[in-house]
Amino acid sequence: MRDAAGNFSVLDRTCSLVVLLCFLHISVTLIYYIRNSDSRQTFVQNHQTPQSHRKLTEQRVTTEETRPPSVSNDTVTERKLETCPDNPPKLVGPLRVEFSDPVTLDLVREQNPALQPGGRFKPEECIAQQKVAMIIPFRNRDEHLKFWLYYMHPILQRQQLDYGVYVIVQDGDELFNRAKLLNIGYVETLKEYDYQCFVFSDVDLIPMDDRNIYKCFSQPRHLSVSMDKFGFRLPYTQFFGGVSSLSKEQYLKINGFPNNYWGWGGEDDDIFNRISFKGMSVSRPDGVIGRCRMIRHNRDDKNDPNPQRFDQIAHTRQTMGQDGISSLSYKVLKVEKNQLFTKITVDVGKP
Ligand code: UDH
Ligand code: MN
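About the criteria used
Residues numbered from 1 in each chain as written. Chains lettered and ligands numbered in written order. Predicted model: local features only at pLDDT ≥ 70, side-chain atom pairs only at ≥ 80, totals over all residues. Heavy atoms only, no water. Helix = DSSP H or I, 4+ residues; strand = E, 2+ residues; numbered from the N terminus. Buried < 20%, exposed > 50% of the residue type's maximum accessible area, 1.4 Å probe, protein only. Contact = heavy atoms within 4.5 Å. Areas by Shrake-Rupley, 256 points an atom, 1.4 Å probe, with all protein chains shown as cover. Pairing = 2+ DSSP bridges. Phe/Tyr/Trp six-rings, centres within 6.5 Å; stacked < 30°, edge-to-face > 60°. Donors = N, O, S within 2.8 Å, 3.2 Å for Na, K, Ca; no water. Disulfide = S-S within 2.5 Å. Expected span 1.5 Å × (residues − 1). Near = heavy atom within 4 Å. Polar contact = N/O pair within 3.5 Å; in protein donor to acceptor, adjacent residues only side chain to side chain. Nonpolar A, V, L, I, M, F, W, Y, C, P; charged D, E, K, R; others polar.

**Q** I'd love a proper account of the overall build of the protein chain, names of residues and values included.
**A** For the protein chain, the count of helices and strands is ten helices and eleven strands. Residue burial in the protein chain is summarised as follows: out of 351 residues, 47% are buried. The contacts in the protein chain between residues at least 6 apart in sequence include a share of 81% that link residues at least 24 apart. About 18600 Å² of surface is accessible on the protein chain, with carbon and sulfur atoms providing 54% of the total.

So this is what it looks like as structure tokens:
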């Protein structure tokens, strides 16, 4: 009996000791943790921009917590994000692009969970080289837009761009005015974010190689250089239609785009003229990387070839000073955001 009681009290004391030690251990760990999490927060506040980088902050803190507290302070500064590389590592090169099976917006949403409202994205692993607004002139082409979003969102994310997708919708049924919609896209996207680069893309054009990066270069860039529609060749040397990109400076230098090309054709040649009259040249990807497909379609209603276009193109030098971003007038009717894009409906007026 006595032995049993003695054993019990030894066991009792040992248990108390173990509990005490555990308590001590937890307290010390907690103190270290709190001290380190303070310094992490200071780092985060100093180095992060708000908005969608919040997610990154949370992720970074989680990884930090798995490290021993003693090395944490030193490694924190090493982790400052670097600028994304010229050749983004996730690019795959040639892509299969086809339009036989329709896609749904639900599918596109499911496949692009990293998008922020309004079709915005920025890479988490590095700081994007450029902030790019994707501007699409649009009216009544919903089927084409689904394909555009389906193919382009994954490509643009692999290209590690800080981008947003903006669909500029011409309201009413007046003659279509592509270049004016692009001008409006420039002004409206700048109201939302500090974009430095503007990609102007037809809704029906998809690159067949993700190395064709949708960003800006030292000269205005023509991206859709090798279209299936033209037998994968440039139809003529001055061709600037389809998809192009201009930096803010390049765009302002040419006073933006013309506002008075109503109906189909000519506005892209006018833009080419503006660029060369201002002493710039056009940069292009090579004919293999620049391959792209256009969704086959008929000419839309209210977009008949503009009969005045030849005369207008012949006078770009005289008109470009007055007609452009400096003379742009329009009305915004509606701005709607969903997960995949921002839709801006506008009244562009009449010819
Ligand atoms: N666009 C619209 N809605 C319209 C007209 C044009 O969204 O009603 C936009 C759209 O982004 C389109 C772009 O303007 O991709 C350029 O217009 P387009 O695709 O009609 O130009 P493209 O040169 O068409 O491709 C030429 C007419 C094709 C006729 C072929 C007949 N075989
Ligand atoms: Mn087209």
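The discussion continues.
**Q** Can you lay out the sheet that holds strand β7 (residues 226-227) for me, pointing to particular residues and giving the numbers?
**A** Here three strands make up an open sheet; going across it, the order is β5-β9-β7 and the pairing mixed. Edge strands, defined here as strands with exactly one partner in the open sheet, are β5 (205-207) and β7. Pairing analysis gives two bridges linking β7 to strand β9 (residues 291-294), with the strands arranged parallel. Among the inter-strand pairings, M227 is bridged to a residue of β9, identified as C292.

**Q** Describe the packing of aromatic side chains, naming the residues involved and giving the relevant values.
**A** Going through the model one piece at a time under the given rule, you end up with 13 aromatic pairs. Both rings, one in Y236 and one in F239, keep their centres 5.5 Å apart while their planes meet at 65°; by these two values the pair is edge-to-face. Residue classification places Y236 among the partly exposed positions, given a relative accessible area of 34%. Centroid distance Y251 to F257: 5.2 Å. Interplanar angle 70°. Geometry classified as edge-to-face. The same class applies to Y251 as to F257, namely buried.

**Q** Account for the environment of G93, naming residues and giving values.
**A** Turning to its location among the elements, G93 is positioned in the loop between α3 (69-78) and α4 (105-111). Put simply, G93 and N212 are 119 residues apart on the chain and 8.7 Å apart in space, counted from C-alpha to C-alpha. If we ignore the near neighbours within four places in the chain, the residues touching G93 are M208, D209, D210 and R211.

**Q** So, the coordination of the manganese ion (ligand 2): which residues are in play, and what are the values?
**A** Surrounding the manganese ion (ligand 2) are the protein donor atoms D204 (OD) and H297 (NE2), at 2.1 to 2.2 Å. With a gap of 93 residues between them, D204 in the loop between β4 (197-201) and β5 and H297 in the loop between β9 and α9 (309-313) connect regions that are remote in the sequence. Under the relative-accessibility criterion, D204 is labelled buried at 3%.

**Q** Can you tell me about the state of the cysteines, naming the residues and giving the values?
**A** This structure, assessed with the given rule, holds two disulfides. One disulfide bridge connects C197 with C216, the sulfur atoms lying 2.1 Å from each other. A torsion of 85° about the S-S bond marks the disulfide between C197 and C216 as right-handed. Highlighted residues: C197 in strand β4 and C216 in the loop between β5 and β6 (221-222), separated in sequence by 19 residues. Like C197, the residue C216 is buried in the burial classification. What links to what in the protein chain: the bonded cysteines, counted in sequence order, pair as 1-2, 3-4.

**Q** Describe helix α6 (residues 178-192), listing the residues and the values that go with them.
**A** A rise of 1.5 Å per residue sets the reference length of α6, with its 15 residues, at 21 Å; its end C-alpha atoms lie 21 Å apart and thus fit the reference within 8%. For α6, the buried fraction is high: eleven of the 15 residues fall into the buried class. Where α6 is concerned, the buried positions are R178, A179, K180, L181, L182, N183, I184, G185, Y186, E188 and T189.

**Q** Give a detailed account of the site of ligand 1, specifying residues and quantitative values.
**A** P137, R139, V203, D204 and W264 are the nearest of the 15 residues found near ligand 1. Between P137 and ligand 1, the recorded distance is 2.7 Å, taken from a backbone N or O atom to an oxygen atom. Within the contact set of ligand 1, an oxygen atom lies 3.5 Å away from a side-chain nitrogen or oxygen of D300. In isolation ligand 1 offers 680 Å² of accessible surface; the protein chains occlude 80% of this area. Looking at the shell around ligand 1, its residues break down into six nonpolar, two polar and seven charged.

Function-wise, these values are silent; they only describe arrangement.
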